[in-house]
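# Structure at a glance
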Amino acid sequence: MRAVDRLLERLTGRRVKWEPILAMVLLLLLGLYLVTGPTSVDVQDGAIGVPFRIGTERGKVEVLPQSGGGHRFRVLYRNGETLGPMGDRAFAERFGESMHASVLANRDNWIFRLLNITHWGSLVWVAVGLGAQLAFFGRMLIQWVVSEKKRDSVVPEAFWWLSLLGGVGLFAYFVWRQDPVGVLGQSTGVVIYARNLRLIHKQRRRTQRRAPAHAHSDAPA
């Protein structure tokens, strides 16, 4: 931590707390764990899980090599249903029929295709992502309006609140999407937004503590 402290002090010209850096790293690790770690579909030991998404169906195909040759397959859907176990030939026939029906069911659903989702419940997460994006748009709009009014570049407190709201929403959305790139972008931003809000509130408390002292010193003797 001393090396990090020296580096931050050299970059900023003053001593900087290392806790925000640690929070960024921990949030990033949590996001990556949620993206690549636990899933609602787990394969048994010794098997390989191959993710799939076709039509309205999503899950994993469990492939388990057999000692006498060939493979044993199970289709593990995210809704908890299971197809199998079955051998190579049966898998090709039954899994193909299942996916054929799924593709036909999704063929005319333009909403699913447009939003890249597989069922109606996913609209909740899409709404979370869109709401977070609106928060990011709102922060820039507010910052621009306030700056235009004051004829100076100003970053109001509302900018950081909307940034924090949008960052948390997008972090959750990218975890649901299993997008490590999006998680990487938001894990650092969320901590920075929260840190700026904390600095603003600390400065406000310092100003409030000084105000009574100044008022007492300015009072007539």
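Note: the structure precedes this text.
So, here's what we can say about the structure. The shown structure was predicted, so the numbers you read here are calculated from the model rather than taken from an experiment.

It is worth spelling out a nonpolar patch on the surface at this point. The grouping of Ile21, Leu22, Val25, Leu26 and Leu29 at the surface amounts to a nonpolar patch, some 410 Å² of accessible area in total. Its location among the elements puts Leu29 in helix H2 (residues 19-36).

Attention now goes to the packing of aromatic side chains. Counted according to the given criterion, the structure contains 7 aromatic pairs. Ring geometry for Phe136 against Tyr193: centres 6.3 Å apart, planes inclined by 65 degrees, an arrangement best described as edge-to-face. With Phe136 in helix H5 (residues 123-150) and Tyr193 in helix H7 (residues 180-218), this residue pair connects regions lying 57 residues apart in the sequence. The class of Phe136 is buried, set by a relative accessible area of 9%. On the numbers, 6.3 Å between centres and 40 degrees between planes, the contact of Trp160 with Tyr193 is tilted. One end of the pair, Trp160, is in helix H6 (residues 157-177); the other, Tyr193, is in helix H7, and 33 residues separate them in sequence. Trp160 gets classed as buried once you look at its relative accessible area, which sits at 16%.

With that out of the way, let us pick up the side chain of Gln143. By the secondary structure assignment, Gln143 is in helix H5. By relative accessible area, which is 17% here, Gln143 ends up buried. Ignoring sequence-local partners within four residues, the contact set of Gln143 consists of Ser153, Val154, Val155, Pro156 and Phe159.

We now examine the pairing of strand E2 (residues 57-65). By the criterion of burial, E2 is predominantly enclosed, with 7 of the 9 residues buried. Sheet topology places E2 next to strand E3 (residues 71-77); 7 bridges connect them, and they run antiparallel. By the bridge assignment, Val61 is partnered in E3 with Val75. Connecting the antiparallel pair E2 and E3 is a turn made up of 5 residues, with Gly69 showing a positive phi of about 105 degrees.

Procedures and definitions
- Residues numbered from 1 in each chain as written.
- Predicted model: local features only at pLDDT ≥ 70, side-chain atom pairs only at ≥ 80, totals over all residues.
- Heavy atoms only, no water.
- Patch = residues over 30% accessible without salt bridge, like charges linked within 9 Å, V, L, I, M, F, W, Y side chains within 5 Å.
- Areas by Shrake-Rupley, 256 points an atom, 1.4 Å probe, with all protein chains shown as cover.
- Salt bridge = Lys/Arg side-chain N within 4 Å of Asp/Glu carboxyl O.
- Helix = DSSP H or I, 4+ residues; strand = E, 2+ residues; numbered from the N terminus.
- Phe/Tyr/Trp six-rings, centres within 6.5 Å; stacked < 30°, edge-to-face > 60°.
- Buried < 20%, exposed > 50% of the residue type's maximum accessible area, 1.4 Å probe, protein only.
- Contact = heavy atoms within 4.5 Å.
- Pairing = 2+ DSSP bridges.

Function cannot be read off these values alone, since they describe shape.
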